Amino acid sequence: MKKLVSNQISPNFTLADSLYAVGQIFIPNSQKAVEHYHGIFAKYLGTENFFLTNAVRTGLAEIIKTANPSKEKKVGIPAFICAVVATPFLKANYQIEWLDTDKNGVIALEEFTKKADQLSVIVVPHIFGQEAPLKEIYKIAREQNILVIEDNAHHFDLQDKSPLHCDVRIISFGREKVFSCVSGGAIVWNKNSKFFTNKTFKLEKASKGWTIRHAIQPLIFAISIPWWHWGGKVIPYLASRIGLLPKAVTNLEKKGQEDFPLYTLPVTQQKILLHKFQKADKIISHRKKIADAWKKTLTKLFPEAEIIVPENAFRVILKTKRKPVVDRAKQLGFNLHEWDGIPISPLGTDLAKFSYSSKQCPEAERFAQNYVTFPTNIRTSLKDIEIFEKLWSK
């Protein structure tokens, strides 16, 4: 049977995970429960200085309110990024300074250094698990009074308890991240940062409807994915039409407008996330095993191409012309669609609304057209890689 293999379509939930998620729906979102799980997460995160939100863009909005960086200067964001990283700043009337990347889509230190005197904030993501030059950026930023936000959406290690090289870290627990509760995030602030001496993070509790919709999403996909190529995709389509399946990025967000409810992370989603944390060793071990297998296969199939395997094996990155590989892979049942081959994703983002113009960041645009990511998630097996090699070779 032809199987869907994907980076994006509910990659982190097996059927068992999905049933567990549904089972957490009726847990009360009480203050007592919130305090109980705060203590548990503090042990995993290695600090009491954190706040759980329903998404990273919620966390960014809270950071802006708390740190209140100067609007006389701009917010530096590398031009290979998801649009929702920029929308909270646009809503708060900050101007974005788009920074070019290196040849692998990671923020370029030289670009930051060149534009540092124009910035009051810098966002530093580790694209697809590749480590950014964070320590070097933080050293320069402290000298110039720049707020450093480390974006750990693709690079989050529960074993890493080393000191922060930033003022604040944001961690995403979205649907396709290292650990997922479908939608969630964390703010982890540096207690030694002058920007967070008087932190005040306070948000409303999520509605029951929001909580339920995000808890049942994995089950909708778990039912439909095995039959994806035989009509199974109709199930999430219909669920989306009736409002049961929220979009990862809304149409308004693609136009630079904030369009996401700002909530604390419900206890239901905290339980789902904790379940993933408890299986962290197994999840990471699986990723590394699958990454090794992909590297061997891709070396055979693309002997001239560069293959990048980040230390955390979040993705395997093949440096090659994107479109022909993605198109052919889709015919074989492998959905390698991710970030759409454009610098500010997803497809349909109105770049003018984000003050980005074509050729503004040439390295980021070049990388966007010349990479393909291969999945290492728990839905991807060694057998899938064998099938890919066999089908591709034909």
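Rules and cut-offs
- Residues numbered from 1 in each chain as written.
- Predicted model: local features only at pLDDT ≥ 70, side-chain atom pairs only at ≥ 80, totals over all residues.
- Heavy atoms only, no water.
- Helix = DSSP H or I, 4+ residues; strand = E, 2+ residues; numbered from the N terminus.
- Rg over C-alpha atoms; globule rule 2.2 N^0.38 Å.
- Buried < 20%, exposed > 50% of the residue type's maximum accessible area, 1.4 Å probe, protein only.
- Contact = heavy atoms within 4.5 Å.
- Phe/Tyr/Trp six-rings, centres within 6.5 Å; stacked < 30°, edge-to-face > 60°.
- Pairing = 2+ DSSP bridges.
- Patch = residues over 30% accessible without salt bridge, like charges linked within 9 Å, V, L, I, M, F, W, Y side chains within 5 Å.
- Areas by Shrake-Rupley, 256 points an atom, 1.4 Å probe, with all protein chains shown as cover.
- Salt bridge = Lys/Arg side-chain N within 4 Å of Asp/Glu carboxyl O.
- Lys, Arg positive; Asp, Glu negative; His and termini not counted.
- Charge placed at Lys NZ, Arg CZ, Asp CG, Glu CD.
- Axes fitted to C-alpha atoms, helices over the stretch in contact; angles between N-to-C directions.
- Parallel < 35°, antiparallel > 145°, perpendicular 65-115°, else oblique.
- Nonpolar A, V, L, I, M, F, W, Y, C, P; charged D, E, K, R; others polar.

Engineer: I'd like a description of the overall build of the protein, backed by residues and values.
Structural biologist: The number of helices and strands found in the protein is 13 helices and 14 strands. For 394 residues, the compact-globule estimate of 2.2 N^0.38 gives 21 Å, and the C-alpha radius of gyration of the protein, at 20 Å, lies within 12% of that figure. Overall size of the protein, expressed as C-alpha extent along the three principal axes, is 60 × 50 × 40 Å. Going through the 394 residues of the protein one by one, you find that 60% of them count as buried. In the protein, the share of contacts with a sequence separation of at least 24, taken over all contacts with a separation of at least 6, comes to 75%.

Engineer: So, the packing of aromatic side chains: which residues are in play, and what are the values?
Structural biologist: Per the stated rule, a full pass over the model turns up 27 aromatic pairs. Between the aromatic rings of Phe 179 and Phe 277, the centroid separation amounts to 5.4 Å while the plane-to-plane angle is 75°, which identifies the pairing as edge-to-face. A residue pair is termed long-range when its members are at least 10 positions apart, and Phe 179 in the loop between β8 (168-172) and β9 (185-189) and Phe 277 in helix α9 (residues 267-278) qualify at 98 residues. Looking at Phe 277, the relative accessible area reads 2%, which means it is buried. Geometrically, the ring pair formed by Phe 334 and Phe 388 is edge-to-face, given 5.0 Å between the ring centres and 75° between the ring planes. Here the residue Phe 334 occupies a position in strand β12 (residues 334-335), and Phe 388 occupies one in helix α13 (residues 382-393), the gap between them amounting to 54 residues.

Engineer: Go over the pairing of strand β3 (residues 74-78), please, and point to the residues and values.
Structural biologist: Among the five residues of β3, four are classified as buried, and the element is accordingly described as predominantly covered. Judged from the three bridges that link them, β3 and strand β6 (residues 119-125) form a sheet pairing that is parallel. Along β6, the bridge assignment pairs Val 75 with Val 121. Summarising the sheet, β3 and strand β5 (residues 96-99) pair through four bridges and their orientation is parallel. Considered in β5, the bridge of Ile 77 is made with Trp 98.

Engineer: Lay out a negative patch on the surface in plain terms, naming residues and giving numbers.
Structural biologist: A cluster of acidic residues, Glu 131, Asp 157, Asp 160 and Glu 311, forms a negative patch on the protein surface. By the element assignment, Asp 157 lies in the loop between β7 (147-151) and β8. The class of Asp 157 is partly exposed, set by a relative accessible area of 41%.

Engineer: Outline the sheet that holds β5, listing residues and values.
Structural biologist: In any sheet, the strands associate via hydrogen bonds between backbone groups, in a parallel or an antiparallel arrangement. The seven strands are arranged β2-β9-β8-β7-β6-β3-β5 in an open sheet whose pairing can be described as mixed. Of all the strands in the sheet, the pair left with one neighbour each is β2 (50-53) and β5. With strand direction ignored, the average angle separating the axes of adjacent strands in the sheet is 20°. Inspection of the sheet shows β7 paired to β8 by three bridges, in the parallel sense. Residue pairing for β8: Glu 150 is matched across the bridge by Arg 169. Lying on the sheet, helix α6 (residues 134-143) is in contact with β6 and β7; it crosses β7 at an angle near 165°.

Engineer: Explain a nonpolar patch on the surface to me, and be specific about the residues and the numbers.
Structural biologist: A contiguous nonpolar patch, built from Val 234, Tyr 237 and Leu 238 and spanning about 300 Å² of accessible area, is present on the exposed surface. With relative accessibility at 41%, the residue Val 234 sits in the partly exposed group.

Engineer: Describe the packing of helix α10 (residues 280-301) against α13, naming the residues involved and giving the relevant values.
Structural biologist: Where α10 contacts α13, the axes come no closer than 10 Å and their chain directions differ by 10°. Here α10 lies roughly parallel to α13, going by the angle between them. Every residue of α13 that contacts α10 at Lys 289, Ile 290, Ala 293, Trp 294, Thr 297, Leu 298, Lys 300 and Leu 301 is listed here: Leu 382, Ile 385, Phe 388, Glu 389, Trp 392 and Ser 393. Looking at the contact of α10 with α13 residue by residue, the classes come out as nine nonpolar, two polar and three charged.

Engineer: Describe the pattern of salt bridges, with residues and values.
Structural biologist: In this structure the tally under the stated criterion is 15 salt bridges. Note that Glu 62 and Lys 65 form a salt bridge whose closest N and O atoms lie 2.8 Å from each other. Residue Glu 62 and its partner Lys 65 are both found in helix α3 (residues 56-67); the two are separated by three residues, about one turn of the helix. Among the residues examined, Glu 62 registers a relative accessible area of 1% and is labelled buried. For Lys 65, a relative accessible area of 59% puts it in the exposed group. Residue Asp 327 pairs with Lys 323 through a salt bridge whose shortest N-O separation is 2.6 Å.

Engineer: How would you explain the sheet that holds strand β10 (residues 306-308) if you had to name every residue and give the values?
Structural biologist: Read from one edge of the open sheet, three strands run β10-β11-β14, paired in antiparallel fashion. With one partner strand each, in any of the chains shown, β10 and β14 (372-375) form the two edges of the open sheet. On average, adjacent strands in this sheet sit at an angle of 25° to one another, irrespective of strand direction.

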